[in-house]
Amino acid sequence: MKLFIPGPTQVHPDILAEMARPAIGHRTPECAELWAAARAGLGRLMFTQHEVFMLTAPASAMMEAAVRNLVHEHSLHVVNGAFSNRWFEIAKSNGKQAVAVDVPWGQGIDADCLRAALEAANAEGKSYDIVTVVHNETSTGTVTPLPPLAEVLQDYPNTLLCVDAVSSMAGAEVRVDDWQLDVCLFGLQKCLALPAGMAIAAVSPRAMQRAAEVENRGWVLDFLRLAKGNEKEQSPTTPSTAHLYALVAQLARIEQEGLENRWRRHSEMAAMTRQWAAGHGWLPFPQEGNRSNTVSCLARGEGPDFVPALNALKAQGILVSNGYGDLKGQTFRIGHMGEHTMDDLQDLLQRFDAALNAEVQS
Ligand SMILES: Cc1ncc(COP(=O)(O)O)c(C=O)c1O
């Protein structure tokens, strides 16, 4: 199968080979070396000096970790798609007093809208411990610039900014320290182009301070326990060493390409996809200014039905995603992320066109 879905995505054969290395003991110097190399590389990837945590878990586990470690009682969740809604659901299911601000799907998160929600709470004498936002909503291909949100939070020093960068990290610019992100989390299976299996987060010093004051953080996701492990370059639990080998090798590949080159490649693929879609009468689902460079979500508009072409591609071993949830049949999503090149994308779009033509002629 060739994956043009918005994650998981194609993994380079050299990286797959890294995963086939023999298992090593997780309390050995070899593993500590690997752990340290991964943490250092992740720090460079995220432009951060903050604590970097790694869990053998899905990215959603880090969403839960942010809630368990940083929320005494009240949390605010800006919801503009399925994954931002997941964070809200996670907070509720952990017994927190969670509030959602709903933004229409396809729209970015407006700084004024965030400020209004924080002010409304203030007026009631309430303050939120965290606000959660998804940088790149994979369900709708919608990206939100983060610095304006961080600027709003300057006026609310008790509210920590928690960001899901699952489908943007390594495919689009994210600068954790400059942008004052208290938590920035992601998984491996999107623009990093590794198989799913690890959750990563950078956690700021003030978020660590908060964690030290929050009760019932649990055991597995406890930031303090994870930080203690980092001091020894170890995971408190048994990590997937296959993923660690692959991660260290892939971070080196990414550095070899150069992060800015990698971001540029993603933005060129997004531009090519949008141009191709416009030729068919399909329009970007997200509003202008919030269109993702890593996943294009295209709305049917005046264009032809795309579902038969998706099925024809699947029969050839190529996966492109239908719309998410209620958007199924109305939108489809092309994940141009990770290892994909302009040539790979061109090949996909030509095959897509051939499938559409075959449908017209049948
Ligand atoms: C933006 C976003 N957040 C969170 C997740 C959840 O990731 P995982 O399935 O690794 O928990 C996804 C998965 O697609 C995602 O796209």
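In this report, the structure presented in the accompanying data block is examined. Small disclaimer: the values here were computed from a predicted structure and weren't measured.

1. Some remarks on the nonpolar core
If you look at the biggest cluster of nonpolar residues, it comprises 59 residues, and the most contacted ones within it are Leu42, Leu45, Leu192, Ile200 and Leu247. The leading source of residues in this core is helix α2 (residues 29-46), at seven residues. A domain-level breakdown of this core finds at least three residues from each of domain 1 (14-255) and domain 2 (258-361). When neighbours within four sequence positions are excluded, leucine 247 is seen to be in contact with Ala38, Leu42, Met54, Leu188, Leu192, Leu194, Met198 and Ile200. One finds Ala65, Val79, Ala211 and Leu221 within the second-largest nonpolar core, a separate group that totals 34 residues.

2. A closer look at the sheet that holds strand β10 (residues 199-203)
Reading across the sheet, the seven strands line up as β2-β10-β9-β8-β5-β3-β4 and stay open at both edges, with mixed pairing between neighbours. Both edges of this open sheet fall to β2 (51-55) and β4 (97-102), since each of them pairs with a single strand only. Shown here is a sheet whose adjacent strand axes are inclined to one another by a mean of 20°, direction ignored. Here β2 pairs with β10 via five bridges, running antiparallel. Bridge pairing in β10 links valine 52 to alanine 202.

3. Regarding the packing of aromatic side chains
Per the counting criterion, the structure on display carries ten aromatic pairs. Their ring planes at 80° and their centres at 5.1 Å tell us that tryptophan 282 and phenylalanine 332 sit as a pair that is edge-to-face. Of this pair, tryptophan 282 sits in the loop between α10 (259-279) and β11 (283-284) while phenylalanine 332 sits in strand β15 (residues 331-335); the two residues are 50 residues apart in sequence, bridging distant segments of the chain. For tryptophan 282, a relative accessible area of 0% gives the class buried.

4. Thoughts on the site of the ligand
Of all residues adjacent to the ligand, which total 13 residues, the nearest are Ser60, Thr138, Asp164, Gln189 and Lys190. Taking serine 60, its side chain carries an N or O atom lying 2.5 Å from an oxygen atom of the ligand. Contacts to the ligand include aspartate 164, whose side-chain N or O atom sits 2.5 Å from a nitrogen atom. Within the complex, the protein chains bury 86% of what would otherwise be the 390 Å² of accessible surface of the ligand. Only α3 (59-70) and α4 (82-93) provide two or more residues apiece to the shell around the ligand. Per-element accounting of the shell around the ligand gives the leading share, three residues, to α3. Of the residues assigned to the shell around the ligand, the class counts are six nonpolar, four polar and three charged.

5. Description of the side chain of glutamate 137
For glutamate 137, the position within the fold is in strand β6 (residues 136-137). Nearest to the buried, unbridged glutamate 137 among oppositely charged side chains is arginine 333, at 7.4 Å. Dropping the residues within four chain positions of it, glutamate 137 is found in contact with Asn80, Gly81, Ala82, Phe83, Ser84 and Thr142.

6. Focus: the side chain of threonine 273
Structurally, the position occupied by threonine 273 is in helix α10. The class for threonine 273 is buried, based on a relative accessible area of 0%. Leave out the neighbours within four places in its chain, and threonine 273 touches Ser296, Leu298, Ile334, His336, Leu345 and Leu349.

7. Some thoughts on helix α9 (residues 241-257)
The terminal C-alpha atoms of α9, which comprises 17 residues, lie 24 Å apart, in line with the 24 Å expected from a rise of 1.5 Å per residue. For α9, the complete set of buried residues consists of Thr241, His243, Leu244, Tyr245, Ala246, Leu247, Gln250, Leu251 and Ile254. Where α9 is buried, its residues touch α1 (13-19), α2, β2, β10 and α10. In the stretch just after α9, glycine 258 is the one whose phi turns positive, near 95°.

8. Quick notes on the environment of glutamine 330
Looking at the secondary structure, you find glutamine 330 in the loop between β14 (321-322) and β15. With 86 residues separating them in the primary sequence, glutamine 330 and leucine 244 have C-alpha atoms 39 Å apart. Ignoring sequence-local partners within four residues, the contact set of glutamine 330 consists of Leu298, Ala299, Arg300 and Phe306.

9. A few points about the sheet that holds β14
Here four strands make up an open sheet; going across it, the order is β11-β12-β15-β14 and the pairing antiparallel. Whereas interior strands pair on both sides, the edge strands pair on one side only; in this sheet they are β11 and β14. Where strand β12 (residues 295-299) and β15 come together, five bridges link them in antiparallel fashion. Of the residues in β15, the one forming a bridge with valine 295 is glycine 335. Relative to the sheet, α10 contacts β11, β12 and β15, its axis offset from that of β12 by approximately 15°.

10. Comments concerning the pattern of salt bridges
In total, this model carries 18 salt bridges according to the counting rule given. Notably, a salt bridge pairs lysine 92 with glutamate 89, separated by 3.4 Å at the nearest N-O pair. Placement of the pair is lysine 92 and glutamate 89 together in helix α4, with a separation of three residues, close to one helical turn. Two residues, aspartate 182 and arginine 206, come together in a salt bridge whose shortest N-O distance is 2.9 Å.

So, how was this worked out
- Residues numbered from 1 in each chain as written.
- Predicted model: local features only at pLDDT ≥ 70, side-chain atom pairs only at ≥ 80, totals over all residues.
- Heavy atoms only, no water.
- Core = buried A, V, L, I, M, F, W, Y, C linked by side-chain atoms within 4.5 Å.
- Buried < 20%, exposed > 50% of the residue type's maximum accessible area, 1.4 Å probe, protein only.
- Helix = DSSP H or I, 4+ residues; strand = E, 2+ residues; numbered from the N terminus.
- Domains from an automatic or database assignment.
- Contact = heavy atoms within 4.5 Å.
- Pairing = 2+ DSSP bridges.
- Axes fitted to C-alpha atoms, helices over the stretch in contact; angles between N-to-C directions.
- Phe/Tyr/Trp six-rings, centres within 6.5 Å; stacked < 30°, edge-to-face > 60°.
- Near = heavy atom within 4 Å.
- Polar contact = N/O pair within 3.5 Å; in protein donor to acceptor, adjacent residues only side chain to side chain.
- Areas by Shrake-Rupley, 256 points an atom, 1.4 Å probe, with all protein chains shown as cover.
- Nonpolar A, V, L, I, M, F, W, Y, C, P; charged D, E, K, R; others polar.
- Lys, Arg positive; Asp, Glu negative; His and termini not counted.
- Salt bridge = Lys/Arg side-chain N within 4 Å of Asp/Glu carboxyl O.
- Expected span 1.5 Å × (residues − 1).

As far as function goes, none of this settles anything; it's purely spatial.
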